[in-house]
Amino acid sequence: MTGTKTYLELSQDGGGAHKFYEVTVAGTTVAVRYGRIGAAGQTQTSTFPTAEKAKAAAARKIGEKVRKGYAPAVAGGRAARPVTRREVASAPSTARAVAPVLWRFRTGAAAFGIHIGEDRCWVGNQSGDVYTLGHDGEVLARYQLPDGVKCLVADDFWIYAGCDDGTVYDLSAKLPFAAYEIASDVDIFWLDIREGVLNVADRAGGLTVIDHEDEYQWSRRSAGAHAWMVRRDEDAVYHGHIEGVTAYAPDGGGELWHTPTKGAVLFGWQEDTSVYAGTNHRVVQRLSKADGTVEATYQCDTAVYSCATAPGGRYVFAGDSASSVYCFTADGTRLWKLGTGGGSALSMQYLDEKLYMVTTDGSLVCIDATDAAIAAARTGSVPVPLDVKSAAALPTYAPATTVRTVTTATATGIVVECTQQGGRLRVHVVSDGYEPTWNVQFPRHIRQPGARYVVDALSPSSSGFYRVRGEIKRLV
């Protein structure tokens, strides 16, 4: 796009912020490109009734960034900071039998993100692809995100993808949109989210908590680096790192307990009263949420990359670095060890007597975990896995690069408005039938004072805010 361009950067010493913000005005159109320095970033385009209003909107955006410390710079003058991508080794399984894999879907790149919901399965890979599949393996849709997917997390029926560029995307709407922007000095390792509150574990062993308005709440630095575990409930945030598991008060009030684990934590899971930590010293350890006491230990044969449980912790599953998957009883008795048939499991989840895993070769696999199927597998009788393929006309969704403008709201459209409140730009519902004091979780980069937008639907959260569902359009 040609026109008047302003390029700004905010780069701080000591590993602080390292990001850019570029505004281009061409006639009545304003294009904003932003992200980490050295990356392509994201672009959002808005159209205004007149060129004068477009210039005024651009000036406001630039002024806001300058007040936050951004300064004019030359694009390409600073190099990008490296982003950690998890490098893992995977050896062949030593198990005598292979697990009963029902179907396998190859995503095409290394993958870590998995979420198994009641109606569909989600998997995300390092190419930025997120696929949804039915429980029978049918590929339903594909989302193309700008950077590699670190993990997928759910909050009720909302699905979020945390990416290498520090952006967390909401995949629950018609098109993905950036719901949270993690500070550029935070190298995301893992995420958890509860009632709109995002919890981020990072490379340095930090824990950062951000609310549904994408605003910083609090942070802590645990004793160990490389925090691959974060889980949250109403009572605490459980942070796993190379020195063990640390529990913090959910309001940031301080440390509740710390328990050293047998080895560095590589993965975490939770049930109602316990958290589970898989470590590089070949174990999964079950810790009491109340005080961190080690309640049980599940012994594997090599480093544990992932773990999961059946409801209530009745069974505990683990995936190791040697392409094997294990099942234990709650007290730690090993029931079986089987080969995955295709790489080590980097994430896993159990649902309805099936164990879903994403492996080092980027595949999502579904294992029949019924007693009968496992017993047959131990004798060498396993089904022939269905090799799932994507349909040529698979629907593909990417974050919108433009905000479509409309002059009127449809009968079913819901109008929201950006207003200044206590020095902050908030979004509230204008349409009748909604609580006007509740904030709306809304992409920060398209908010403008006084601007109105139309959304297809709003869903209330239990903690008192609205989430957007459907397309966002600017009302002019």
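It should be emphasised that the depicted structure is a prediction, and the values quoted were computed from it without experimental measurement. (Residues numbered from 1 in each chain as written. Predicted model: local features only at pLDDT ≥ 70, side-chain atom pairs only at ≥ 80, totals over all residues. Heavy atoms only, no water.)

Asks: Teacher, can you tell me more about the overall build of the protein here?
Replies: Helix and strand counts for the protein stand at two helices and 41 strands. The C-alpha atoms of the protein give 23 Å as radius of gyration, which agrees with the globular expectation for 476 residues (23 Å, within 12%). Here the protein holds 476 residues, and the buried ones make up 57% of them. Long-range contacts, defined as pairs at least 24 residues apart, comprise 49% of the intrachain contacts of the protein with a sequence gap of at least 6. Accessible surface for the protein amounts to roughly 19200 Å². Of this, 50% is attributable to carbon and sulfur atoms. Taking the average place of the 48 positive charges on the side chains of the protein and the average place of its 51 negative ones, the gap between the two points comes to 6 Å. (Helix = DSSP H or I, 4+ residues; strand = E, 2+ residues; numbered from the N terminus. Rg over C-alpha atoms; globule rule 2.2 N^0.38 Å. Buried < 20%, exposed > 50% of the residue type's maximum accessible area, 1.4 Å probe, protein only. Contact = heavy atoms within 4.5 Å. Areas by Shrake-Rupley, 256 points an atom, 1.4 Å probe, with all protein chains shown as cover. Lys, Arg positive; Asp, Glu negative; His and termini not counted. Charge placed at Lys NZ, Arg CZ, Asp CG, Glu CD.)

Asks: Got a minute to help me understand the pattern of salt bridges in this structure?
Replies: Charged atoms that come close allow side chains of opposite charge to pair. According to the stated counting rule, one finds 14 salt bridges in the structure shown. Residue Arg78 pairs with Glu9 through a salt bridge whose shortest N-O separation is 2.5 Å. Of this pair, Arg78 sits in the loop between β5 (71-72) and β6 (101-106) while Glu9 sits in strand β1 (residues 4-11), placing them 69 residues apart in sequence. Since its relative accessible area comes to 40%, Arg78 is described here as partly exposed. Put simply, Lys289 and Asp233 hold a salt bridge, and the shortest N to O gap is 2.9 Å. Taken together, the residues Lys289 in the loop between β25 (283-288) and β26 (294-299) and Asp233 in the loop between β19 (229-232) and β20 (237-241) connect sequence positions 56 residues apart. Among the residues examined, Lys289 registers a relative accessible area of 10% and is labelled buried. Within the structure, one salt-bridge network assembled from shared partners comprises Asp301, Arg334 and Lys337. (Salt bridge = Lys/Arg side-chain N within 4 Å of Asp/Glu carboxyl O.)

Asks: What am I meant to see in helix α2 (residues 371-378) here?
Replies: Residue pairs three or four apart in sequence face the same way in an α-helix, which turns once every 3.6 residues. For α2, the complete set of buried residues consists of Ala373, Ile374 and Ala377. For α2, the angular spread of the buried residues around the axis is 95 degrees, confining them to a single face. Facing away from the buried surface of α2 by more than 90 degrees, the exposed residues are Asp371, Ala372 and Arg378. Following α2 by one or two positions, Gly380 adopts a phi angle in the positive range, close to 95 degrees. (Arc of directions from axis to C-beta.)

Asks: Please explain the sheet that holds strand β15 (residues 188-194) as it appears in this structure.
Replies: By way of backbone hydrogen bonds, the strands of a sheet pair with one another, either parallel or antiparallel. Read from one edge to the other, the open sheet built from four strands follows the order β15-β16-β17-β18, with strand pairing classed as antiparallel. For this open sheet the edge positions go to β15 and β18 (216-221), each flanked by a neighbour on one side alone. On average, adjacent strands in this sheet sit at an angle of 15 degrees to one another, irrespective of strand direction. In the sheet, β15 pairs with strand β16 (residues 197-202) via six bridges, with the strands oriented antiparallel. (Pairing = 2+ DSSP bridges. Axes fitted to C-alpha atoms, helices over the stretch in contact; angles between N-to-C directions.)

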